[in-house]
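Observations on chain architecture
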Amino acid sequence: MFSSFFHKKEKSKPVFGASYSVFDGEELLESSIRSIRNVVDYINVVYQQSNWYNTEYNSKLYSLCKNLLDKGLIDELIEYIPNPEISAGVQEKNKRMLGLRAAIENGVNYFITMDVDEFYEECEVLKAQKYIISNKITHSY
């Protein structure tokens, strides 16, 4: 069900977090966030305004993300600035790691990386969370 969960050292109360990697498809972002917002404790968005090679620019993305932050739908907004001298695959990994590090710094011990076109039913997420905790699952794909 989940693309990836990361489990950090056990705490008294599980803290669930998510990170979105965004450059395009932003028309889906708010709906995807709303599909999980009530069942996760922390959400960050790692966005980039230009593509991996600085040839395209998304001028509306920052204002959309800032609006989501102001609404309380996300907890942290992180800009990723692409480096065209690094391969797109490495950059994508680096970008997602920014989101993971921010989640850990904010006390998250169960983590999922998200894309804007992923949507979940709250009851299914809760069921998965309960299963993961009760079965002491540390990684899931």
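Just so you know, these numbers come straight off a predicted model, no measurement behind them.

This paragraph deals with the packing of aromatic side chains. Scanning all chains against the criterion turns up 3 aromatic pairs. For the pair Y47 and Y62, a centre-to-centre distance of 5.9 Å together with 45 degrees between the ring planes defines the contact as tilted. Taken together, the positions of Y47 in strand β3 (residues 42-47) and Y62 in helix α2 (residues 61-71) put the pair 15 residues apart, joining distant regions of the chain. Residue Y62 is classed as partly exposed on the basis of its relative accessible area, which comes to 37%. Here W52 and Y80 contribute two aromatic rings whose centre-to-centre distance is 6.1 Å and whose plane-to-plane angle is 75 degrees, an arrangement assigned as edge-to-face. One end of the pair, W52, is in the loop between β3 and α2; the other, Y80, is in the loop between β4 (76-79) and α3 (88-105), and 28 residues separate them in sequence.

This part is about unusual backbone geometry. If you check the backbone angles, N54 has positive phi at about 55 degrees while not being a glycine. In this structure, N54 sits in the loop between β3 and α2. The exposure class of N54 is partly exposed, given its relative accessible area of 40%. The phi dihedral of K136 falls on the positive side, at around 50 degrees, and the residue is not glycine. Counting through the fold element by element, K136 comes out in the loop between α4 (122-134) and β6 (139-140). On the accessibility criterion, K136 (69% relative accessible area) is exposed.

What follows is about the nonpolar core. By size, the foremost hydrophobic cluster in this structure holds 24 residues, and its most contacted members are Y20, L29, I33, I36, I43 and V45. The set of elements that each furnish at least two residues to this core consists of β2 (16-22), α1 (29-36), β3, α2, β5 (110-114) and α4. Other than its neighbours up to four places away in sequence, Y20 contacts L29, S32, I33, I36, I43, N44, V45, V46, M114, D115 and V116. V46, W52, A102 and A103 belong to the second largest nonpolar core, which has 11 residues in total.

Bringing the pattern of salt bridges into the picture now. Here the structure, examined in full by the defined rule, presents 8 salt bridges. Notably, a salt bridge pairs D70 with K66, separated by 2.7 Å at the nearest N-O pair. Here the residue D70 and the residue K66 both occupy positions in helix α2, the gap between them amounting to 4 residues, near one helical turn. Assessed through its relative accessible area of 31%, K66 is described here as partly exposed. Between R96 and E92 there is a salt bridge whose closest N-O contact spans 2.7 Å. Of the two residues, R96 and E92 both sit in helix α3, 4 residues apart, roughly one turn of that helix. According to the relative accessible area criterion, R96 is partly exposed, its value standing at 22%. The network of salt bridges with common partners includes E30, R34 and K71.

Here we come to the pairing of β4. In this structure, β3 lies alongside β4, joined through 4 bridges in parallel fashion. Along β4, the bridge assignment pairs V45 with L77. Taken together, β3, α2 and β4 constitute a β-α-β crossover, and its handedness is right-handed.

Cut-offs used in this document
- Residues numbered from 1 in each chain as written.
- Predicted model: local features only at pLDDT ≥ 70, side-chain atom pairs only at ≥ 80, totals over all residues.
- Heavy atoms only, no water.
- Phe/Tyr/Trp six-rings, centres within 6.5 Å; stacked < 30°, edge-to-face > 60°.
- Helix = DSSP H or I, 4+ residues; strand = E, 2+ residues; numbered from the N terminus.
- Buried < 20%, exposed > 50% of the residue type's maximum accessible area, 1.4 Å probe, protein only.
- Core = buried A, V, L, I, M, F, W, Y, C linked by side-chain atoms within 4.5 Å.
- Contact = heavy atoms within 4.5 Å.
- Salt bridge = Lys/Arg side-chain N within 4 Å of Asp/Glu carboxyl O.
- Pairing = 2+ DSSP bridges.
- Right-handed = clockwise from strand over helix to strand, strands pointing away.

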